[in-house]
Amino acid sequence: MAGVKIENVYKYYNKNTIAVSDFSLEIKDGEFLVLVGPSGCGKSTTLRMVAGLEEVTKGNIYIGEKNVTNMEPKDRDIAMVFQDYALYPHMSVYENMAFGLKLRKYPKDEIIQRVENAAEILGITHLFERQPRQLSGGQRQRVALGRAIVRKPQVFLMDEPLSNLDAKLRVQMRAELVKLQRKLATTTIYVTHDQTEAMTMGDRIVIMKDGFMQQAGTPEEIYHNPINLFVADFIGSPSMNFVEGSLVTEDDQVEFETDGFKIGFNSLIKLGQINEKEVILGFRPENISLDTKNKGSWSKPINCQIELIEDLGAEKILFMKAENQEFQVKLFDSNFEGKVGQSLQVYLDLSRIHIFSKDSGQKIWNAGGGR
């Protein structure tokens, strides 16, 4: 087993097309790291550079203590699982799993043992004689994983391996993948565009946009302390609410003013602590309440109206409007019986507020982590 170190890596396709820019990250031995971001952000290109399938324009990549930047993929001791599984259609499940070991001239007895052990872990021993066309999507995914496991590589690389599965099977395989990685303790780099996958699977996640790393941290760190508007908006379902407004001083207290409501921050924000006046207030849908009986530091009531209700069973998403401001409220109350058009008062949990620069989009303050 080994860790991975990516050091100031760039990928240019031409002068005007920069796929990855100044990417640096150290992935610990045995860590499950997820690269996440929208299409075209550079996450798959980064993974393919680690695999050796894309040439590094500038920078270095290490697996363990070995600089693999210019090594062929076959010499890097990695195994990759692709989105389309890349199984050989004319081979049986057993032959697909054994093929890579046969190419490397492993003894027949060892091939049998490795394939059977991997198949037992994945619960696919009974599928040995079938061909890929006779398998379900989930079974094909397990075979692709089995082919990677038999290699006993230092690093697993996975490029959106669950994206072809239906929603229910995707959730099931998500959990199975995490349990498998914990059992094998193999360093894993996993690429996805799905923020729910990233949050539920990764020991750490890396948010990417336009070839740049935006933020790296544990799911909890990124969720509660996003570094900028993009990360705050990308992570969370529904995403964070954003309201533009101004910070003003009234009676020696800092207040946020916008069309529709005013929020006083009590002593949470001290005078002079934030230099910018025009800001963007961020608050998550679940940090809004219809009453103040729960613990927290609550704002004064905000008068608003229900525009739409999404009933998800155990929770409800309310689309609200306060004059010119629109935001969403997430209620974990299946008994709520509000109606579209109804007027309500809501309260923001001031201990969960975020403030971003209107100019740069960078976080300038949040209640949990300060500036």
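Parameters at a glance
Within each chain, residue numbers correspond to sequence positions counted from 1 in written order. Note on the predicted model: pLDDT of at least 70 is required for a residue's local features to be given, and 80 or more for side-chain atom pairs to be given and counted; whole-chain, interface and lining totals, by contrast, use all residues. The basis for every side-chain value is the complete set of non-hydrogen atoms in the structure, without hydrogens or water. Put simply, DSSP marks the helices as runs of H or I at least four residues long and the strands as runs of E at least two long, and each gets a number from the N terminus on. Relative accessibility thresholds used throughout: buried, under 20% of the residue-type maximum; exposed, over 50%; partly exposed, between the two (1.4 Å probe, protein chains only). Any pair of residues with heavy atoms lying within 4.5 Å of one another is described as a contacting pair. The method behind every accessible area is Shrake-Rupley, applied with a 1.4 Å probe, and residues are considered shielded solely by the protein chains displayed. Note on charges: Lys and Arg go in the positive column, Asp and Glu in the negative column, and His and the chain ends are not counted at all. Note that the charge is assigned to NZ on lysines, CZ on arginines, CG on aspartates and CD on glutamates. Those domain boundaries reflect an automatic or database domain assignment. A quick way to say it: buried area is the sum, across both parts, of accessible area lost when two parts are put together, with a 1.4 Å probe. When a carboxyl oxygen of Asp or Glu lies within 4 Å of a side-chain nitrogen of Lys or Arg, that pair is called a salt bridge. Strand pairing is assigned whenever DSSP identifies at least 2 bridges connecting the two strands.

Colleague: How should the overall build of the protein be read in this particular structure?
Modeller: On a plain count of helices and strands, the protein comes out with eight helices and 21 strands. When its C-alpha atoms are laid out on the principal axes, the protein stretches across 80 × 50 × 35 Å. Out of the 371 residues in the protein, the part that is buried amounts to 50%. The long-range fraction of contacts in the protein, counting pairs at least 24 apart against all pairs at least 6 apart in sequence, stands at 64%. With an accessible surface of roughly 18100 Å², the protein has 45% of that area assigned to carbon and sulfur atoms. Looking at the protein, you have 45 positive and 50 negative side-chain charges, and the mean spots of the two groups are 7 Å apart.

Colleague: Please explain the domain arrangement of the protein as it appears in this structure.
Modeller: When its domains are assigned, the protein resolves into domain 1 (4-234) and domain 2 (241-366). The distance between the C-alpha centroids of domain 1 and domain 2 comes to 39 Å. Tallying the contact residues gives nine residues for domain 1 and 12 residues for domain 2. Summed over both sides, the interface of domain 1 with domain 2 buries roughly 970 Å², with 50% coming from carbon and sulfur. Remark: the boundary between domain 1 and domain 2 carries zero salt bridges.

Colleague: Quick question: what am I supposed to make of the sheet that holds strand β19 (residues 343-348) here?
Modeller: Read from one edge to the other, the open sheet built from five strands follows the order β15-β19-β16-β17-β18, with strand pairing classed as antiparallel. On the outer flanks of this sheet lie β15 (288-289) and β18 (325-331), each paired with one strand and no other. Relative to strand β17 (residues 316-322), strand β16 (residues 302-311) runs antiparallel, the two being bridged by six bridges. Paired with I309 across the bridge in β17 is L318.

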